[in-house]
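# Coordinate analysis (summary)
Listed below, chain by chain, are the residues.
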Amino acid sequence: MTTRLTVAQALVRFLAAQYTERDGVRQRLISATWGIFGHGNVAGLGQALVEYGDDMPFHQGRNEQSMVHAAVGYARQSNRLSTHAVTTSIGPGATNLVTGAALATINHLPVLLLPGDIFATRVADPVLQQLEVPYAGDISVNDSLRPVSKYFDRVTRPEALIPAALQAMRVLTDPVETGAVTLALPQDVQAEAYDWPEEFFAERTWVVRRPGADPTELAEAVRAIREAQRPLVIAGGGVHHSRAEEALEEFARATGIPVASTQAGKGSLRHDHPQDVGGVGHTGTATANELARQADLVIGVGTRYTDFTTASGTLFEQQGVRFLNLNIAPYDGHKLAGQPLVADARSGLTELTEALQLHTHRVSGTYIDEYSLDKERWEQRVDACFEADEPDIRPTQPQVLGALDALVDASDVIINAAGSLPGDLHKLWRARSRDQYHLEYGYSCMGYEIPAAIGVKMAAPERNVWALVGDGTYLMMPTEIVTAVQEGIAIKLLLIQNHGYASIGGLSETVGGERFGTAYRYQSDDGTYTGAPLPVDLAANAASLGMRVLRAKTVRDLRAALAEARAADTPTCVYVETETADTVSGPPPAQAWWDVPVAETATRPSAVKARELYERHVSTRRRHL
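Just so it is clear, the model here is predicted, and its values are computed rather than measured. All chains use their own residue numbering, which begins from 1 and follows the written sequence. pLDDT decides what is reported in this predicted model: residues at 70 or higher carry local features, side-chain atom pairs at 80 or more are listed and counted, and totals for whole chains, interfaces and linings draw on all residues regardless. As a rule here, side-chain values come from all non-hydrogen atoms in the structure, and water together with hydrogens is ignored.

### Section: the sheet that holds strand 11 (residues 204–207)
In this analysis, strands are considered paired if DSSP registers two or more bridges between them. Numbering of helices and strands runs from the N terminus; a helix is a DSSP stretch of H or I covering at least four residues, while a strand is a stretch of E covering at least two. Read from one edge of the open sheet, 3 strands run 3-2-11, paired in mixed fashion. Two strands close off the open sheet at either side, each with one partner strand: strand 3 (25–28) and strand 11. The average undirected angle you get between the axes of adjacent strands in this sheet is 30 degrees. Inspection of the sheet shows strand 2 (residues 18–22) paired to strand 11 by 4 bridges, in the parallel sense. Looking at strand 11, one finds that Glu21 is bridged to Val207. Interaxial angle, 0 to 180 degrees, is taken between N-to-C directions of lines fitted to C-alpha atoms, where a helix line uses only the stretch in contact.

Written as structure tokens, this is what we have:
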């Protein structure tokens, strides 16, 4: 039995019938579609979404990149078990997807991209916005999505949709392979009719697996942990993706092993858990980094070991240090010449705990006392950064975070991605729940925060969702404020004005760049941006897009504004001006190095001095073999 539909209509019906299941819980895989329509998709997917609107909810976006960010935020809050699709026209609409696709793939978060494409029949050639490639007639701008997609197919015939759609669902639901999936849809094929087998539209449930550990690998892992004197767990984003927080807590409680976290893994343990020692790496705490320097066994759980985590290969100093990598992806399990334990994070941690309990294994009391005291000292430093003795002065950035920290509870979600805030948050924020801390630091994409907050709020409408945004990030992508207003999505925007790229300005100063081109100021006579701050009113801009705006000039104002925003049931912005970009933000300095190469030859004293310091750091780098 068949049903005659267009390719676009068939795709929408197919997507509406796809489900995931893990641990006995079943839910829609593609719960909604975002779109901006142009000539490449309006008569195809646009018409299909009208035809089957009851089956597929639709959200109107303002920027194609930000639509992907919203879908990714939704997917992360949904534990990668549900996501959104994003449709665009051809041309710039399609290429605007590339940044969002890269972010999704790097962070292992599922999103389905459905860009329109040039005519498969070539009857209209070139069409408006077509990139002509003289040496290859089958290339379009959509091919730029290939390297940032985990699966890519161009559906040039109606019947080709069936295997392409099934493969797309397979990759989206694969905990190892998931990321951006692209089905490029030529605009003529979208509108072409075909007789589809009814089986194509039957409900399908894609089971998200939890593979356990190989017995040999598990035995070797147990042996490595039992032999270690100073083991340290590094919890990555895989802990959250697997919902392994309780299994990690049980492992840490049973063994006494301290747990540090990457940006993606922060919140794996509550901040007040005895074994939680905070962030690790370049933006980490002194406690975690000192433990990392002295560790004889590093147990990575669901981490990719980025250069921020390893301090560019300089952090793990102990002679003979070894790595045990519990990861569902074999590629990551073998990093740093580590001993792999290839398994789902929850399954692997549960098996490790059970095996170690047979030996009643626990680290020494001396080791526990040592890191517990260091943890207490670090918390005192956090208190000092958050404290505002004079409530009627303009706050520092850490004091802004302190005011928010004093207000929220475990139900609030904090979203950030780029600028100086990720470093401050990783060091200072006190995560109260497994999903409170939402940092996109795999791609560290400016502009992610506001659309991601919309996606998170859609996935968890009962939560207070805060997008923490600096002025540089805000200017990249404020447009989805309009979407939040249009759909009544009550996100909270904390907009911090520091007149420039504060993070890169600080980095520029340390590497001999003298903060060149990082301040939002008028140009001086010498061509540098060192004049007066620009008369830009970002609060007025947010208000012009329909958002309610509360201005705060002092710490006292800020506390009141944050409380008012948290209670609001409409999209609300709290705007506060802090230190300018050419002053420090106030948190403890970096506790570990990060490799940003410095000019090998230069005449300016700042660059010469920076190179000398760089060479000293480089000399401490290790290759763990």
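### Digging into a nonpolar patch on the surface
Surface patches are drawn from residues lacking salt bridges whose relative accessible area is over 30%; two like charges belong together within 9 Å, two nonpolar side chains (Val, Leu, Ile, Met, Phe, Trp, Tyr) within 5 Å. Only the protein chains shown count as cover for residues, with accessible areas throughout obtained via the Shrake-Rupley method and a probe of 1.4 Å. Each salt bridge in this description consists of a side-chain nitrogen of Lys or Arg and a carboxyl oxygen of Asp or Glu lying within 4 Å of one another. A surface patch of nonpolar side chains, about 240 Å² in accessible area, is lined by Phe37, Val42 and Phe58. Relative to the helices and strands, Phe58 resides in strand 5 (residues 58–60).

### So, the packing of aromatic side chains
The geometry of an aromatic ring pair is captured by the separation of the ring centres together with the interplanar angle, meaning the angle of the planes. Aromatic rings from Phe, Tyr and Trp, with only the six-membered ring used for Trp, were paired whenever their centres fell within 6.5 Å, and each pair was classed as stacked if the ring planes differed by under 30 degrees, edge-to-face if by over 60, and tilted otherwise. Enumeration over the complete set of coordinates arrives at 12 aromatic pairs. Seen in terms of ring centroids, Phe37 and Phe58 are 5.4 Å apart; in terms of plane orientation they differ by 20 degrees. Their pairing is stacked. Here the residue Phe37 occupies a position in the loop between strand 4 (30–35) and helix 2 (42–51), and Phe58 occupies one in strand 5, the gap between them amounting to 21 residues. Note on Trp593 and Tyr614: the rings are 5.7 Å apart at their centroids and 55 degrees apart in plane angle, and the pair reads as tilted. A residue pair is termed long-range when its members are at least 10 positions apart, and Trp593 in the loop between strand 23 (572–577) and helix 24 (605–618) and Tyr614 in helix 24 qualify at 21 residues. Accessibility classification places Trp593 together with Tyr614 in one group, the buried group. Cluster of aromatic residues (ring-pair linked, three or more members): Phe14, Tyr194, Trp196, Phe200 and Phe201. The cationic tip of Lys266 hangs over the ring face of Tyr437; the distance from NZ or CZ to the ring centre is 5.5 Å. Relative accessibility thresholds used throughout: buried, under 20% of the residue-type maximum; exposed, over 50%; partly exposed, between the two (1.4 Å probe, protein chains only). Lysine and arginine charges are scored as sitting over a ring when NZ or CZ, respectively, is within 6 Å of the ring centre and within 35 degrees of the ring normal.

### Observations concerning the side chain of Thr353
Relative to the elements of secondary structure, Thr353 occurs in helix 14 (residues 345–357). Note on definitions: a residue-residue contact is assigned when non-hydrogen atoms from the two residues lie within 4.5 Å. Setting aside anything within four residues of it in sequence, one finds Thr353 in contact with Ala247, Glu250, Phe251 and Ala254.

### Regarding helix 14
The end-to-end C-alpha separation of helix 14 is 18 Å, in line with the 18 Å expected for 13 residues at 1.5 Å each. Along helix 14, the residues that are buried comprise Ala345, Ser347, Gly348, Leu349, Leu352, Thr353, Ala355 and Leu356. Tucked inside the fold, the buried residues of helix 14 contact helix 8 (215–227), helix 9 (237–241), helix 10 (245–255), strand 15 (297–301), strand 16 (322–327) and strand 17 (339–342). Pairs of N or O atoms are called polar contacts if they sit within 3.5 Å, as long as, within protein, a hydrogen donor faces a hydrogen acceptor (for residues adjacent in sequence, only side-chain-to-side-chain pairs). One side-chain oxygen at the N-terminal end of helix 14 lies 3.0 Å from the backbone nitrogen of Arg346; it belongs to Asp344. Between the first and last residue of a helix there are one fewer steps than residues, each counted as 1.5 Å, and that sum is the expected span.

### Regarding the sheet that holds strand 5
Read across the sheet, 6 strands follow the order 5-4-6-7-9-8 without closing on themselves; strand pairing throughout is parallel. Across the chains shown, the open sheet's two edge strands, defined by having one partner strand only, are strand 5 and strand 8 (151–154). With strand direction ignored, the average angle separating the axes of adjacent strands in the sheet is 20 degrees. Sheet topology places strand 4 next to strand 5; 3 bridges connect them, and they run parallel. Counted as the bridge partner of Gly35 is Gln60 from strand 5. Contacting strand 6 (83–88), strand 7 (111–117) and strand 9 (180–186), helix 5 (residues 97–106) crosses the sheet at an angle of about 155 degrees to strand 7.

### Remarks on the pattern of salt bridges
A complete count under the given rule lists 39 salt bridges for this structure. Here Asp143 makes a salt bridge to Arg146, at a shortest N to O gap of 2.6 Å. The shortest N-O distance in the salt bridge between Glu577 and Arg394 comes to 3.5 Å. With Glu577 in strand 23 and Arg394 in the loop between helix 15 (365–386) and helix 16 (397–405), this residue pair connects regions lying 183 residues apart in the sequence. On the accessibility criterion, Glu577 (26% relative accessible area) is partly exposed.

### Regarding the pairing of strand 9
In terms of burial, strand 9 is largely enclosed, as 7 of its 7 residues are buried. Here 5 bridges tie strand 7 to strand 9, and the two strands are oriented parallel to one another. Across the sheet, the residue bridging to Gly116 is Leu185, located in strand 9. Bridge count for strand 8 against strand 9 is 4 bridges, and the pairing is parallel. By the bridge assignment for strand 9, Asp153 is matched with Leu183. Viewed with both strands pointing away, a crossover whose connecting path from the first strand over the helix to the second turns clockwise is right-handed. Where the polypeptide runs from strand 8 across helix 6 (residues 161–172) and back to strand 9, its parallel neighbour, the crossover connection is right-handed.

### Let's talk about the pairing of strand 22 (residues 548–552)
Strand direction decides the pairing type here: strand 22 and strand 23, joined by 5 bridges, are parallel. Counterpart to Arg551 in the pairing with strand 23 is Tyr575. Handedness of the β-α-β unit built from strand 22, helix 23 (residues 555–567) and strand 23 comes out right-handed.

### Notes on the packing of helix 3 (residues 64–77) against helix 5
Describing two packed helices takes the angle between their axes plus the distance from one axis to the other. Interaxial distance between helix 3 and helix 5 falls to 7 Å at its minimum, and their mutual angle equals 25 degrees. By the angle between their directions, the pair helix 3 and helix 5 is classed as roughly parallel. When you trace helix 3 past helix 5, the crossing you get is right-handed. Every residue of helix 5 that contacts helix 3 at Glu64, Gln65, Val68, His69 and Val72 is listed here: Leu97, Thr99, Gly100, Ala101, Leu103 and Ala104. Of the residues in the contact of helix 3 with helix 5, the class split is 6 nonpolar, 4 polar and 1 charged. With respect to orientation, any angle under 35 degrees is reported as roughly parallel, any angle over 145 as roughly antiparallel, any angle of 65 to 115 as roughly perpendicular, and every other angle as oblique. Left-handed describes a crossing whose near helix is turned anticlockwise from the far helix through less than a right angle; right-handed describes the clockwise counterpart. Three classes are used: nonpolar for Ala, Val, Leu, Ile, Met, Phe, Trp, Tyr, Cys and Pro, charged for Asp, Glu, Lys and Arg, and polar for all others, with Gly counted as polar.

### Topic: the nonpolar core
Of all hydrophobic cores here, the largest spans 51 residues; its most connected members are Ile225, Phe251 and Ile299. When sequence neighbours within four positions are dropped, the list of residues in contact with Ile225 reads Phe251, Ile257, Leu297, Ile299, Leu324, Leu352, Leu356 and His361. Ranked by size, the runner-up nonpolar core spans 46 residues in total, among them Trp34, Val86, Val148 and Leu493. To form a nonpolar core, buried Ala, Val, Leu, Ile, Met, Phe, Trp, Tyr and Cys residues must be joined to one another through side-chain atoms within 4.5 Å.

### A few points about the state of the cysteines
Count a disulfide wherever a pair of cysteine sulfur atoms falls within 2.5 Å. On inspection of all chains with the given rule, the structure shows 0 disulfides. The thiol of Cys445 is unpaired, and the distance to the nearest cysteine sulfur, on Cys573, comes to 20 Å.

### Things to note about the environment of Thr510
Residue placement: Thr510 occurs in helix 21 (residues 502–510). In this structure, the C-alpha to C-alpha distance between Thr510 and Glu290, residues 220 residues apart in sequence, is 23 Å.

By themselves, these figures tell us nothing about what the structure is for.
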